[in-house]
Amino acid sequence: MALILAVIIILPVLNLWVPKDSFFHVSSYTIGLLGKYLCYALLALAVDLIWGYCGILSLGHGAFFALGGYAMGMYMMRQIGDRGVYGNPLLPDFMVFLNWQELPWYWYGFDNFFFAMVMVALAPGILAFVFGWLAFRSRVTGVYLSIITQAMTYALMLAFFRNDMGFGGNNGLTDFKDLLGFSLQKDTTKVALFVCSGVALILGYLLCRYVVSSKLGRVLVSIRDAESRTRFIGYRVEHYKLFVFVLSAMLAGVAGALYVPQVGIINPGEFSPINSIEIIIWVAVGGRGFLYGAIIGAVLVNYGKTFFTGAFPEIWLFMLGGLFVVSTLFLPQGVVGIVQQWKDKRAEKKALQAGASGEVAS
């Protein structure tokens, strides 16, 4: 967290106040790219909270991420007003193009920033609550739960592709102009979004760390390791799972809301099941059950994706699949797990040496 804090302080300075011809200047493109990585890291953190500590393998967190992004996108679309292609002060351009006569009721309120920010967390939270209440109450677990979450994501993707849903169809929401009156094209706005993404990641990490370090966290770990035994000794397992599932979904929604203004678009492709599977790979590579491992995995894999999709675009998906296989077979605890094992072995070796020295001295 100290490293992330240093990054979100130093890089904006190098971007805004260091001359562009200087070796130390950080471009706005880099700021935007790193901002996306921070959003992905928050999303991976949300998944690690439920998978690493509660044993819930969700393949549907891409849906919560996308819902948060759509809530932010709806607010920014309302802010365009009569600056759109068709000049309609009330209806977004895609609605005018599709001959909509009035704004759908579920778009009301999104002209207010605070209402939109509430919906960023509330929309994925409500979906997670309804889904989790039905699934956990029925004691659906393991691979069955994973398949159902993936089916939920796929169903939402198909629904949002429809033009009559009122979310822009396959084109989604785009052509955003500004956020809170600040142009999205300005370097200062990009830096502000980058800093907000870093702050959100730090706060998200502290929240997750607080949860897993409390009694609640110990119960979650017991559910992960022995759910039947935890239920037998009197804990309402479904309540704990529902709480952490909803919290994780809301964190994913916040990540999606910060992501959209930095990339400038949100479309139904974000609901794609492959995106949710990629999130699992990030967490697996970094190391699940550590929280910071998920952050490291998200940054590493997405940096690799940025590099290899440019250098070897035709084989990136094969490399991603191979990375997941290698992580599962040879790195079950991810990158962080390797470092932790090395530290444990080193500490054990020192303890043995200290014990042997004590015996010789005696």
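Predicted model, so just to flag it, every value in this text is computed and none were measured.

### Regarding the overall build of the protein
Here's step 1: Along its length, the protein carries 14 helices and four strands.
Here's step 2: Relative to its 362 residues, the protein shows a buried fraction of 47%.
Here's step 3: Pairs at least 24 residues apart make up 76% of the contacts formed inside the protein by residues separated by at least 6 positions.
Here's step 4: For the protein, the exposed area adds up to about 18400 Å²; of that, 67% sits on carbon and sulfur atoms.
Here's step 5: Where the 25 positive side-chain charges of the protein centre and where its 19 negative ones centre are 10 Å apart.

### What about the state of the cysteines?
Here's step 1: All told, the structure shown has zero disulfides when counted by the stated rule.
Here's step 2: We note that cysteine 54 lacks a disulfide partner, and the nearest cysteine sulfur, in cysteine 208, lies 13 Å from it.
Here's step 3: With no disulfide of its own, cysteine 196 lies 10.0 Å from the sulfur of cysteine 39, the closest cysteine sulfur.

### So, the packing of aromatic side chains
Here's step 1: Counted according to the given criterion, the structure contains 23 aromatic pairs.
Here's step 2: Ring geometry for phenylalanine 160 versus phenylalanine 271: centroids 4.7 Å apart, planes at 40°, classification tilted. Here phenylalanine 271 lies in the loop between strand E4 (265-266) and helix H11 (273-286) and phenylalanine 160 lies in helix H6 (residues 142-160), a separation of 111 residues in the sequence. Pair check on accessibility: phenylalanine 160 and phenylalanine 271 agree, each one buried.
Here's step 3: Where tyrosine 235 meets tyrosine 240, the ring centres are 5.9 Å apart and the plane angle is 75°; that geometry is what we call edge-to-face.
Here's step 4: Look at tyrosine 235 and you get partly exposed, because its relative accessible area is 26%.

### Re the pattern of salt bridges
Here's step 1: Per the stated rule, a full pass over the model turns up eight salt bridges.
Here's step 2: Aspartate 225 is paired through a salt bridge with arginine 224; the nearest N and O atoms lie 3.0 Å apart.
Here's step 3: For glutamate 227, the salt bridge is made with lysine 241, and the minimal N-O distance between the two is 3.4 Å. Taken together, the residues glutamate 227 in helix H9 (residues 227-232) and lysine 241 in helix H10 (residues 237-263) connect sequence positions 14 residues apart.

### So, a nonpolar patch on the surface
Here's step 1: Side chains of Val118, Leu122, Ile126, Phe129, Val130, Trp133 and Leu134 sit close together on the surface and give an oily, nonpolar patch of about 650 Å² of accessible area.
Here's step 2: As for its position among the elements, leucine 134 is in helix H5 (residues 113-137).
Here's step 3: Residue class for leucine 134 comes out partly exposed when judged on its relative accessible area of 47%.

### Remarks on the nonpolar core
Here's step 1: In this structure, Trp107, Leu173 and Phe271 are the most contacted members of the largest nonpolar core, which totals 103 residues.
Here's step 2: For this core, the leading source of residues is helix H2 (residues 28-54), giving 18 residues.
Here's step 3: Ignoring anything within four residues of it in the chain, the contact list for tryptophan 107 reads Met74, Met77, Arg78, Pro92, Phe94, Met95, Gly166, Phe167 and Leu173.

### Remarks on unusual backbone geometry
Here's step 1: Phi angles above zero are rare outside glycine, and asparagine 99 is one such case at about 65°.
Here's step 2: Positionally, asparagine 99 belongs in the loop between helix H4 (93-97) and H5.
Here's step 3: A positive phi angle is found at aspartate 175, which is not glycine, with a value near 60°.
Here's step 4: Within the secondary structure, aspartate 175 is located in the loop between strand E1 (173-174) and strand E2 (178-179).

### With respect to the environment of valine 246
Here's step 1: Inspection of the secondary structure assignment puts valine 246 in helix H10.
Here's step 2: For the pair formed by valine 246 and leucine 122, sequence separation is 124 residues and the distance between their alpha carbons is 9.6 Å.
Here's step 3: With residues near it in sequence (within four places) discarded, valine 246 still touches Gly125, Ala128 and Phe129.

### Focus: helix H1 (residues 2-16)
Here's step 1: The terminal C-alpha atoms of H1, which comprises 15 residues, lie 22 Å apart, in line with the 21 Å expected from a rise of 1.5 Å per residue.
Here's step 2: The complete set of buried residues in H1 reads Ile4, Ile8, Leu11, Pro12 and Asn15. The buried residues of H1 occupy one face: seen down the axis, they fall within an arc of 100°. Away from its buried face, by an angle of more than 90 degrees, H1 presents the exposed residues Ala2, Leu3 and Ile9.

### Focus: H10
Here's step 1: Taking 1.5 Å per residue as the helical rise, H10 with its 27 residues ought to reach 39 Å, and the 39 Å between its terminal C-alpha atoms agrees with that figure.
Here's step 2: In terms of burial, H10 is a largely internal element, 21 of the 27 residues being buried.
Here's step 3: Immediately beyond the C-terminal end of H10, within one or two residues, lies glycine 264, with a positive phi of roughly 85°.

### What about the side chain of serine 276?
Here's step 1: Note on placement: serine 276 falls in helix H11.
Here's step 2: For serine 276, the contacting residues outside a window of four places in its chain are Leu59, Gly60, His61, Gly62, Ala63 and Thr153.

### A look at the side chain of glutamine 262
Here's step 1: Checked against the element boundaries, glutamine 262 lands in helix H10.
Here's step 2: Relative accessible area serves as the criterion here: at 17%, glutamine 262 is assigned to the buried category.
Here's step 3: There is a polar contact of 2.8 Å between the side chain of glutamine 262 and the backbone oxygen of leucine 258.

Each value, and the rule that gives it
- Residues numbered from 1 in each chain as written.
- Predicted model: local features only at pLDDT ≥ 70, side-chain atom pairs only at ≥ 80, totals over all residues.
- Heavy atoms only, no water.
- Helix = DSSP H or I, 4+ residues; strand = E, 2+ residues; numbered from the N terminus.
- Buried < 20%, exposed > 50% of the residue type's maximum accessible area, 1.4 Å probe, protein only.
- Contact = heavy atoms within 4.5 Å.
- Areas by Shrake-Rupley, 256 points an atom, 1.4 Å probe, with all protein chains shown as cover.
- Lys, Arg positive; Asp, Glu negative; His and termini not counted.
- Charge placed at Lys NZ, Arg CZ, Asp CG, Glu CD.
- Disulfide = S-S within 2.5 Å.
- Phe/Tyr/Trp six-rings, centres within 6.5 Å; stacked < 30°, edge-to-face > 60°.
- Salt bridge = Lys/Arg side-chain N within 4 Å of Asp/Glu carboxyl O.
- Patch = residues over 30% accessible without salt bridge, like charges linked within 9 Å, V, L, I, M, F, W, Y side chains within 5 Å.
- Core = buried A, V, L, I, M, F, W, Y, C linked by side-chain atoms within 4.5 Å.
- Expected span 1.5 Å × (residues − 1).
- Arc of directions from axis to C-beta.
- Polar contact = N/O pair within 3.5 Å; in protein donor to acceptor, adjacent residues only side chain to side chain.

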